[in-house]
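Structural characterization, general
Now for the letters of each chain:
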Amino acid sequence: MPKKLIQGILLGAAAAALGLVLWYTGTLDSFEGRTWDMRARQLAEPDHASDKVFVILLDQKSLDWGKEANGLSWPWPREVYTYILNFLHRSDPAAVVFDVLYTEPSSYGVYDDEAFAGVIESTGNVIGTVFLSSEGSGVESWPESASVLPLSLKGQDPAWLKDIRYSHGVFPIPEIAGAVRTLANVHLIPDKDGIFRRSKLFYLYDSTIVPSIALAAYILGRDEGEQD
């Protein structure tokens, strides 16, 4: 066998072995993540931020204000959020997203939950959240009381659907789950280095198509003539 051929075979085998080691140990994933960040910073051309989207942050300053100005300890009564919704409703927003999981009844009593749910239902454009996962705690079927947008995945490859399928869900209490316009999944999976770089638009749970909060807000925020 020619010497050059033997050298080529050995070099190829060594390169393949090195590639397998890097792949198995996840080194390539880490490298890809860092280079992706670099490419995004250098090559992406982000558009200007929309002046039609507003974010209301509930941060430590908010908690301090609630304590000092109103004597409110955490968690706040859900009646507080009814005032926020009523204030937002004055500007006729297309959609309001609550990035909060209300999984337990209010410690202030059932009236607190009913008051909050009543305002949510009256506004008609509030998006609530559900936490979907492949394992762990939560129910394994979609509750009858929970609202969701009527989405369809006709024509999709069944083999691809397994990548968006989840088996467990943590839902809000029934009063809130049924009052919102739709529930949307809030669970994202980070890359191995702990950074979130990607998100799916929708998920499949118990034969129910569940949108991400971004997709749900987009659908509700579209003009009336574009929704067909």
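Residues numbered from 1 in each chain as written. Predicted model: local features only at pLDDT ≥ 70, side-chain atom pairs only at ≥ 80, totals over all residues. Heavy atoms only, no water.

A closer look at the overall build of the chain
Cut-off, in case you're wondering: Each helix corresponds to a stretch of at least 4 residues labelled H or I by DSSP, and each strand to a stretch of at least 2 residues labelled E; elements are numbered beginning at the N terminus. With a 1.4 Å probe rolled over the protein chains alone, any residue whose accessible area is under 20% of its type maximum counts as buried; one over 50% counts as exposed, and the rest are partly exposed. Residues count as neighbours in contact if any of their non-hydrogen atoms are within 4.5 Å of one another. Accessible areas in this description were obtained via Shrake-Rupley with a 1.4 Å probe; residue shielding takes into account the shown protein chains only.
Per the secondary structure count, the chain includes 8 helices and 7 strands. Here the chain holds 228 residues, and the buried ones make up 31% of them. Pairs at least 24 residues apart make up 79% of the contacts formed inside the chain by residues separated by at least 6 positions. By element, 58% of the accessible surface of the chain is carried by carbon and sulfur atoms, the whole surface being about 15700 Å².

Notes on the packing of helix α4 (residues 79-89) against helix α5 (residues 110-123)
Formally: Fitting a line to C-alpha atoms yields each axis, with helices limited to the stretch in contact; the angle taken between N-to-C directions then spans 0 to 180 degrees. In these notes the angle categories are as follows: under 35 degrees is roughly parallel, over 145 is roughly antiparallel, 65 to 115 is roughly perpendicular, and the rest is oblique. In this scheme the crossing of two helices becomes right-handed for a clockwise turn of the near helix relative to the far one and left-handed for an anticlockwise turn of less than a right angle. Each residue gets one of three labels, nonpolar for Ala, Val, Leu, Ile, Met, Phe, Trp, Tyr, Cys and Pro, charged for Asp, Glu, Lys and Arg, and polar for the others, Gly among them.
Contact geometry of α4 with α5 gives a least axis separation of 8 Å together with a crossing angle of 15°. Regarding the angle of α4 to α5, the classification is roughly parallel. Seen along the crossing, α4 lies across α5 with a hand that is left-handed. Across the interface between the two elements, Glu79, Tyr81, Thr82, Leu85, Asn86 and His89 of α4 pack against Tyr111, Asp112, Ala115, Phe116, Val119, Ile120 and Thr123 of α5. In the contact of α4 with α5, the residues fall into 7 nonpolar, 4 polar and 2 charged.

Looking at the packing of aromatic side chains
The geometry of an aromatic ring pair comes down to the distance between the two centres and the angle between the two planes. Operational definition: Aromatic rings from Phe, Tyr and Trp, taking only the six-membered ring of Trp, are treated as a pair when their centres fall within 6.5 Å; an angle between ring planes under 30 degrees marks them as stacked, one over 60 as edge-to-face, and anything in between as tilted.
For the structure shown, the criterion picks out 11 aromatic pairs. Centre to centre, the rings of Phe98 and Phe116 are 5.7 Å apart; their planes meet at 75°, and the pair counts as edge-to-face. Of the two residues, Phe98 is situated in the loop between β1 (96-97) and α5 and Phe116 in helix α5; the sequence distance between them amounts to 18 residues. With 5.9 Å between their ring centres and 50° between their planes, Phe171 and Tyr205 make a pair best called tilted. Highlighted residues: Phe171 in the loop between β4 (168-170) and α7 (174-179) and Tyr205 in strand β6 (residues 202-205), separated in sequence by 34 residues. Here Phe171 matches Tyr205 in class, with each residue buried.

As for the sheet that holds strand β3 (residues 165-166)
Note the following rule: A strand pair is defined by DSSP finding two or more bridges across the two strands.
Pairing is mixed across the open sheet formed by 3 strands, whose spatial order is β3-β6-β7. Only two strands of the sheet have a single partner each, and these edge strands are β3 and β7 (208-211). Pairing analysis gives 4 bridges linking β6 to β7, with the strands arranged antiparallel. Directly across from Tyr203, in β7, lies its bridge partner Val210.

Considering the pattern of salt bridges
The criterion, for reference: Any Lys or Arg side-chain nitrogen found within 4 Å of a carboxyl oxygen on Asp or Glu counts as a salt bridge.
If you walk through the whole model with that rule in mind, you get 4 salt bridges. Here Arg197 and Asp37 are joined by a salt bridge, their closest N and O atoms 2.9 Å apart. Within this pair, whereas Arg197 is found in the loop between β5 (182-185) and β6, its partner Asp37 is found in helix α2 (residues 27-43), the two being separated by 160 residues in sequence. Notably, a salt bridge pairs Asp191 with Arg198, separated by 2.5 Å at the nearest N-O pair. Residue classification places Arg198 among the exposed residues on the basis of a relative accessible area of 54%.

What about the environment of Arg165?
Summarising the element assignment, Arg165 is placed in strand β3. With 40 residues separating them in the primary sequence, Arg165 and Tyr205 have C-alpha atoms 5.9 Å apart. Contacts of Arg165, omitting those with residues within four sequence positions, involve Ser134 and Leu204.

Some thoughts on the side chain of Thr182
Rules: Under the rule applied, a polar contact is a pair of N or O atoms within 3.5 Å (in protein, one hydrogen donor and one hydrogen acceptor; residues adjacent in sequence only if both atoms are side-chain atoms).
Note on placement: Thr182 falls in strand β5. The exposure class assigned to Thr182 is buried, which follows from its relative accessible area of 0%. A distance of 3.0 Å separates a polar side-chain atom of Thr182 from the backbone nitrogen of Leu149. Leave out the neighbours within four places in its chain, and Thr182 touches Val126, Ile127, Gly128, Ser147, Val148, Leu149, Pro211 and Ala216.

Some details on a nonpolar patch on the surface
Rules: Exposure above 30% relative accessible area and the absence of a salt bridge qualify a residue for a patch, where like charges join within 9 Å and nonpolar side chains (Val, Leu, Ile, Met, Phe, Trp, Tyr) within 5 Å.
A cluster of nonpolar residues, Val53, Val55 and Leu57, forms a patch on the protein surface that exposes about 340 Å² of accessible area. Examined against the element boundaries, Leu57 turns out to sit in the loop between α2 and α3 (60-70).

Thoughts on the nonpolar core
The criterion, for reference: Among the buried residues, those of types Ala, Val, Leu, Ile, Met, Phe, Trp, Tyr and Cys that are joined through side-chain atoms within 4.5 Å form a nonpolar core.
Core analysis: the largest hydrophobic core is formed by 28 residues, its most contacted members being Leu85, Phe98, Phe116, Ile120 and Leu183. Elements supplying a minimum of two residues to this core: α4, α5, β2 (126-133), α7 and β6. Of all the elements, α5 adds the most residues to this core, at 4 residues. The next biggest cluster of nonpolar side chains, apart from the first, holds 13 residues, and it includes Leu161, Ala184, Phe202 and Ile219.

Fair warning: the whole summary comes from geometry, so function is off the table for now.
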